[in-house]
Amino acid sequence: MTVMLPTLYRKRFIPLETVSLKDDIILNFQKDLIITRWNTLKPRTDIAFGISAYFIKDGFKVSKIFDHQNHLVHWYCDIIQTIHNWSENSIYFEDLLIDVIIYPDGRFKVVDMDELADAYRNGLIDMEMLCTALYSADHLLSMIADGSFEQLKQIIEQYNITQT
């Protein structure tokens, strides 16, 4: 039996937009884990492509980001909420604004927490989404601190990709 893969979308609140990820290649599709390979939506000089793992239950997407010479730039983690629309066979990944960037040397930084506060203050997200974002970010940061983030990286590193 052939499974019809869903159409993937990214919904952002700041700026408010929904973008089809129609050019992303789904490498692995499971109920709680989706892995994609992608090129940047718009040409950039700093990054070229990447591979992303959507950890649905955990509420985050972990991306391994490469430059134009196939070198690792950084790991980029988006806090997300996943919405399935079964009637149209689509999945919406709502970007809950908090991001964590992990550099190859192990340093990391948390960014866009101010955007999360602005989104709540301006009524773009509700209290439930705010709490979901904070709980997921806390879980991710705990995994980075205790070393278990390496397990997430290993899942992604099974896919040996290069720029196409």
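Shown above is the structure to which this text applies.
How each quantity is defined
- Residues numbered from 1 in each chain as written.
- Predicted model: local features only at pLDDT ≥ 70, side-chain atom pairs only at ≥ 80, totals over all residues.
- Heavy atoms only, no water.
- Patch = residues over 30% accessible without salt bridge, like charges linked within 9 Å, V, L, I, M, F, W, Y side chains within 5 Å.
- Areas by Shrake-Rupley, 256 points an atom, 1.4 Å probe, with all protein chains shown as cover.
- Salt bridge = Lys/Arg side-chain N within 4 Å of Asp/Glu carboxyl O.
- Helix = DSSP H or I, 4+ residues; strand = E, 2+ residues; numbered from the N terminus.
- Phe/Tyr/Trp six-rings, centres within 6.5 Å; stacked < 30°, edge-to-face > 60°.
- Buried < 20%, exposed > 50% of the residue type's maximum accessible area, 1.4 Å probe, protein only.
- Lys NZ or Arg CZ within 6 Å of the ring centre and 35° of its normal.
- Lys, Arg positive; Asp, Glu negative; His and termini not counted.
- Polar contact = N/O pair within 3.5 Å; in protein donor to acceptor, adjacent residues only side chain to side chain.
- Contact = heavy atoms within 4.5 Å.

Visitor: Any chance you could break down a nonpolar patch on the surface for me, citing the residues and the numbers?
Guide: A surface patch of nonpolar side chains, amounting to about 340 Å² of accessible area, comprises F108, V110, M113 and L134. Here V110 shows up in strand β9 (residues 108-111).

Visitor: I'd love a proper account of unusual backbone geometry, names of residues and values included.
Guide: With an omega of -10°, the peptide bond between I14 and P15 qualifies as cis. Mapping P15 onto the fold places it in the loop between β1 (7-13) and β2 (16-20). Here the phi dihedral of D112 falls at roughly 70°; this positive angle occurs in a residue that is not glycine. Tracing the sequence through the fold places D112 in the loop between β9 and α1 (113-121).

Visitor: Report on the packing of aromatic side chains, specifying residues and quantitative values.
Guide: For the structure shown, the criterion picks out five aromatic pairs. On the basis of an interplanar angle of 10° and a centroid distance of 4.6 Å, the ring pair of Y9 and Y92 is categorised as stacked. Taken as a pair, Y9 in strand β1 and Y92 in strand β8 (residues 90-102) lie far apart in primary sequence, 83 residues in all. Consider the rings of Y54 and F93, whose centres lie 3.8 Å apart with planes at 20°: the pair is stacked. Taken together, the residues span a long stretch of sequence, with Y54 in strand β5 (residues 49-55) and F93 in strand β8 at a distance of 39 residues. The residues Y54 and F93 share a single accessibility class, namely buried. When the ring centre of Y103 is taken as origin, the NZ or CZ atom of R107, which lies over that ring, is 4.7 Å away.

Visitor: Quick one: what's the story with the side chain of D95, residue by residue and with numbers?
Guide: Turning to its location among the elements, D95 is positioned in strand β8. Of the side chains with opposite charge, R12 lies nearest to the buried D95, which makes no salt bridge, at 4.7 Å. Of note is the side chain of D95, whose polar atom sits 2.8 Å from the backbone nitrogen of L97. With near-sequence residues (within four places) excluded, D95 lies in contact with K11, R12, F13, D78 and I79.

Visitor: Any chance you could break down the pattern of salt bridges for me, citing the residues and the numbers?
Guide: Tallied over the entire structure, the rule returns ten salt bridges. With a closest N to O distance of 2.7 Å, D46 and R44 form a salt bridge. Among the residues examined, D46 registers a relative accessible area of 39% and is labelled partly exposed. Taking the shortest distance from any N to any O, the salt bridge between D78 and K61 comes out at 3.5 Å. With a gap of 17 residues between them, D78 in strand β7 (residues 72-85) and K61 in strand β6 (residues 60-66) connect regions that are remote in the sequence. In this structure D78 comes out as buried when scored by relative accessible area, which is 11%.

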